[in-house]
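# Examination of the molecular architecture
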Amino acid sequence: MASPATSLHAPTFLRWRAQRWPRTNWVRWAVRLAVSLPFVALADLANAAGGPSAANDLLHRQAASLHWASGQLGWVTHAYPPITIAAARLFPGGAQGLAIAGGLCTGILIQLTIERLLLRAVSVLTAVLLTAAVVLTPAFWFVATQDFSAFLTLSLLSVALTGLLDFTFNRSTESGFIAGIGFGLATMCDLAALPFAVAGALATLFVAPQARAVREIARRRAAATVVLFPSAAALAGWAFLQWRFSGSWTRSFLGADPGLFRFPGGAWASLARAASSVGHDLVFAPVLVVAAVLMFSRRPSSAMACLAFVGCVIADLWVGAPLSGPTVVVLLGVVALVLLPERVRASERAALWVCVALQVGLAYGGLHLALAPVADWAHRLLSAGLLPN
Amino acid sequence: MTVVAPALARRTEPLGTSLIERGLLSPAELEWALGIQRVTGSRLGSILIAAGLVRRLDVYRVLSESWNCPFVDLTVTAIDRSLLTRLDPHRLAVELWIPVHRLSDGSVLIATAERPERDRAQAIAAQLGLPVRLVATTDWDIRRAIGQCFADVILDEATLGLWRRDEDHSARRVLSTAQTVVAIAVLVIAAEAFLLAPIGSTVILSAVIGVGFLVSVLFKFIVCMVGSRYEYTESVTKQDIAALTDNELPLYTILVPAYREANVVGALMANLSRLEYPPDKLEILLLLEQDDDETRRAAIAARPPETVTIVTVPPGQPQTKPKACNVGLFLARGEFLVIYDAEDRPEPDQLKAALVAFGRADERQVCVQAALNYFNAGENALTKMFTLEYSFWFDYMLPGLEAMRLPIPLGGTSNHFRTDALRRLGGWDPFNVTEDADLGIRSAALGETVGVISSTTFEEANNAYRNFIRQRSRWIKGYLQTTLVHLRHPVELVRATGWTKTLGFALLVGGTPLSFLFVPPLYLLFAITMIVGPKSVARFFPGWVLWVSVACLIVGNAMMIYVSMMGVFKRRRYRLVLWALANPLYWLLHSIAAYKALWQLMVKPHYWEKTEHGLTSDIAARPDLP
């Protein structure tokens, strides 16, 4: 009798923890630190040149305004998203401290991204080039150093999506943990992460091998529950706390994102605008398009993951979640690397390299056309002589 | 010194031939047994007895003839106990001999179950300091005689052996002097604080309870996360097990302590017969209390195979499972030893998996723990919750503890030991009602290690609420005992095991009962916020205290729900995933048991709350219906 708990067959795809890159713990952290240092320096210099970023400054002021030990309870309504607000309270240095924290996070995101690609049998050169296509863009620098909340959210979403793929296709419960917790934490960083968690749960229902058996249906339902539970519990718990301590279920959510559910111009017009905006941003992420095509060629049903992801971004923009253009572009770029299937053939690799070049070219060439905040920020840095002209 | 060993025949008939000549064995059966012997290397007699082909008595009678040695039936022969005074019963059990009485010529008649060669006779004579004359008997007779003649010694060793060896590692005394002083001081200070500053004290207590609960749960959650990394790590593979040859397998002792379990003891025979291990290399000791005639009758009625020996545990207090196990340990001959409950269904290759794990580990690894799970998981709400709990505990928690090199509190059954190492550790503490958890921690405290294997034993989940409370109150009381025992000398503990292990032990073994004790106050606060609102109690509970307490409760419960969900998901019991949402109610049951345990720790610290088995009505899962 084989035990149901007998260890699973380790798939070649995403052997989290079993195979790490770099192998030793301290080397991994050293790589993360080394990679993050330029971004930390950039955060510091950008702050010196152009003053604190608006997003980080707003987060810092929101955090500083909370008097949680005062005996009053109303502060709960201003404490969403709790994770980034807690971080803003903890990190010294106000908005600049948040910019440096964002810079440090880049090290972790970049190391995890390269590790993921290497574990999927992508060559080191291709992995570095693919990562560079996202990292060596002004939009990435901008989000990392100017919007800590957005960067932390997209980093957590990247980790959660990686786990989700492994959980769905390889049934690794560790990855299930990572996916669920990643989505849950992201939801506590930004409400915009919630649609991704819902889509992730739905993906486990519809995108999985062996569709028919009754037991398989039970498994999918259970998998969807496991993916969604942390986000649902976090939101429900937070809603309950604010209801009991302030009398409103939703005030802190709406306070954090005042544009939520406003639908300027009507629901349909908002939807069209959101779809158009995302379509526009997709131009800056050709690697994602190629990744989707590769996924479709390997396993047609899994291409739904790409569509669901893009659908989530549209849904976020439609309901008014504060996803800025640069954040969407970086998110699309990072997710492309998450979704890239394993064992890329030579012709596919060539296509990817072309897309990498295109993506980097567009990131610089099309900056002033689409990403005004990044263009302004870059212009300020150029004026201050911090970027090569 | 005169030594009279029988003059062994120069050419004796082989045992098999002698048995055939006497009509006790057929040639085909002999052929089969010889085939087994070629594979296992075991003695032919042992193979025939274990297979039930020839009665033990017949084998030894025939052997006695071939040894040219009279046979003595110790069940009807009185033993002169004055000859036993200076002998070590354990050594007698291992060497399989016992003095019977003095002969008229001044020599001593020795019953032996081993070939009575001259060297053996000389060695025995040297031990006794008297001339000896050897006669044959069965190994069963010798062990039974040892059990009867040394009942007092065995009982004393089983009960007070650990206490004598190391008083501080025994739970016989609940609190040490220093602990008593500290406890009184804490109580006095707390009482004074509540008298002088009731509100401030309440605030501090609330915050401590809330944060303590969260820290305890967070620790478990982190360990489970680490444990989940090892999902792909198969410590022992089927190939590893297949590579073991029967020839190299050692004698394995299985201890089965049972008390008032007549309804499941029959199934035990069927469950153990499924073990893939040569029967002649198995020694199964069914440990029954003297007053438990019902189980004894049921065991005999089940016609146990010859590998099973029914051992009567001498009466005396405390009447606990660990005391029975110590008696079993005293008599055990196996190089390795495992403990199973009467209703257990171990996976057939579990003994071999344990051997592979021992073979890979260094000598410091005294034990490997197999996973436990339930065969009647779907029976009712309680069995479902039990399954959720065990799934995360054995599939995530223990592998996580092992990976983090933290002390592992052993689970009630399916702990496999190196027998010698277990004896060195002092066996089980009969005064500790979770002797298994205590042993795991004691191993760590003494620098030994415990591992886990991904093999499962299926048990019967408790399906009755009163029975559940009884069982849990014992477990929680045992955890409290274990905490008190091992924190008697905290500085020494830190010095011996390091900060990490000490902290891990404190959070796991001490934190678990505390978190159950903390649940009712937290639920009360939660109810207050629900019913009267936080502003009404703001005088006693400032907003932030209430907020932190309720947040800790919510976050802690969410984490426990989540690990429970993942545990059953890993076990592929998908329909149980949503049952994890009932975990807060399940914890309330634990809290009831925890307060009962706390009370019992004060008034009846060594009382063993008996868990009834065989209550399942899940017909498909009934252990007595294979």
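Residues numbered from 1 in each chain as written. Chains lettered and ligands numbered in written order. Predicted model: local features only at pLDDT ≥ 70, side-chain atom pairs only at ≥ 80, totals over all residues.

## Side note on the overall build of chain B
Each helix and strand in chain B was counted, giving 23 helices and 12 strands. Relative to its length of 626 residues, chain B is compact, with a C-alpha radius of gyration of 28 Å against a globular reference of 25 Å. The principal-axis extents of the C-alpha atoms in chain B amount to approximately 100 × 50 × 45 Å. When burial is assessed residue by residue, chain B has 52% of its 626 residues classed as buried. Across chain B, contacts joining residues at least 24 apart in sequence account for 81% of those joining residues at least 6 apart. (Helix = DSSP H or I, 4+ residues; strand = E, 2+ residues; numbered from the N terminus. Rg over C-alpha atoms; globule rule 2.2 N^0.38 Å. Buried ≥ 20, exposed ≤ 12 C-beta atoms within 10 Å, placed from the backbone. Contact = placed C-beta atoms within 7 Å.)

## Considerations on the domain arrangement of chain B
All names here are of chain B. With domains assigned, chain B is organised as domain 1 (3–149) and domain 2 (232–465). Computed over C-alpha atoms, the centres of domain 1 and domain 2 are 30 Å apart. Between domain 1 and domain 2, the contact holds 17 residues from the first and 14 residues from the second. Those elements that provide at least two residues to the side of domain 1 that touches domain 2 are α2 (27–40), α3 (44–50), α5 (89–95) and α7 (139–149). The element contributing the most residues to the side of domain 1 that touches domain 2 is α3, with four residues. The residue makeup of the side of domain 1 that touches domain 2, split by class, is eight nonpolar, seven polar and two charged. (Domains from an automatic or database assignment. Nonpolar A, V, L, I, M, F, W, Y, C, P; charged D, E, K, R; others polar.)

## Brief notes about the nonpolar core
In terms of nonpolar packing, the biggest core is built from 308 residues, with A:Val287, B:Val256 and B:Leu287 touching the most fellow members. Broken down by element, the residue count for this core peaks at 17 residues, all from helix α22 (residues 543–570) of chain B. Domain assignment of the residues forming this core places at least three in each of domain 1 (3–149) and domain 2 (232–465) of chain B. Leaving out residues up to four positions away in the same chain, B:Leu287 has contacts with B:Leu255, B:Val256, B:Pro257, B:Ala258, B:Val311, B:Val313, B:Ala324, B:Cys325, B:Val327 and B:Gly328. (Core = buried A, V, L, I, M, F, W, Y, C linked by C-beta atoms within 7 Å.)

## Focus: the sheet that holds strand β5 (residues 252–258) of chain B
Ordered in space as β7-β6-β5-β8-β11-β10-β12-β9 (chain B), the eight strands form an open sheet in which the pairing is mixed. The open sheet has two edge strands, β7 (308–313) and β9 (345–346) of chain B, and neither has a second partner. (Pairing = 2+ DSSP bridges.)

## Regarding the pairing of strand β6 (residues 282–289) of chain B
Residue and element names in this part refer to chain B. Across the eight residues that make up β6, a large majority, seven, are buried. In this structure, β5 lies alongside β6, joined through seven bridges in parallel fashion. Paired with Pro257 across the bridge in β6 is Leu287. For the crossover from β5 across helix α12 (residues 262–273) to β6, the handedness is right-handed. The sheet contact formed by β6 and β7 spans six bridges and is parallel. Looking at β7, one finds that Leu285 is bridged to Thr309. Running through helix α13 (residues 293–301), the crossover from β6 to the neighbouring parallel element β7 is right-handed. (Right-handed = clockwise from strand over helix to strand, strands pointing away.)

## Topic: helix α14 (residues 303–319) of chain A
Residue and element names in this part refer to chain A. Across its 17 residues, α14 extends 25 Å between first and last C-alpha, which sits within 8% of the 24 Å expected from 1.5 Å per residue. The element α14 is largely enclosed, with a buried count of 12 among its 17 residues. The set of residues buried in α14 consists of Ala305, Cys306, Phe309, Val310, Cys312, Val313, Ile314, Ala315, Asp316, Leu317, Trp318 and Val319. Of the surrounding elements, those touching the buried residues of α14 are α9 (194–206), α12 (267–282), α13 (286–298) and α15 (325–339). Among the residues trailing α14, Gly320 stands out with phi positive, at a value near 95 degrees. (Expected span 1.5 Å × (residues − 1).)

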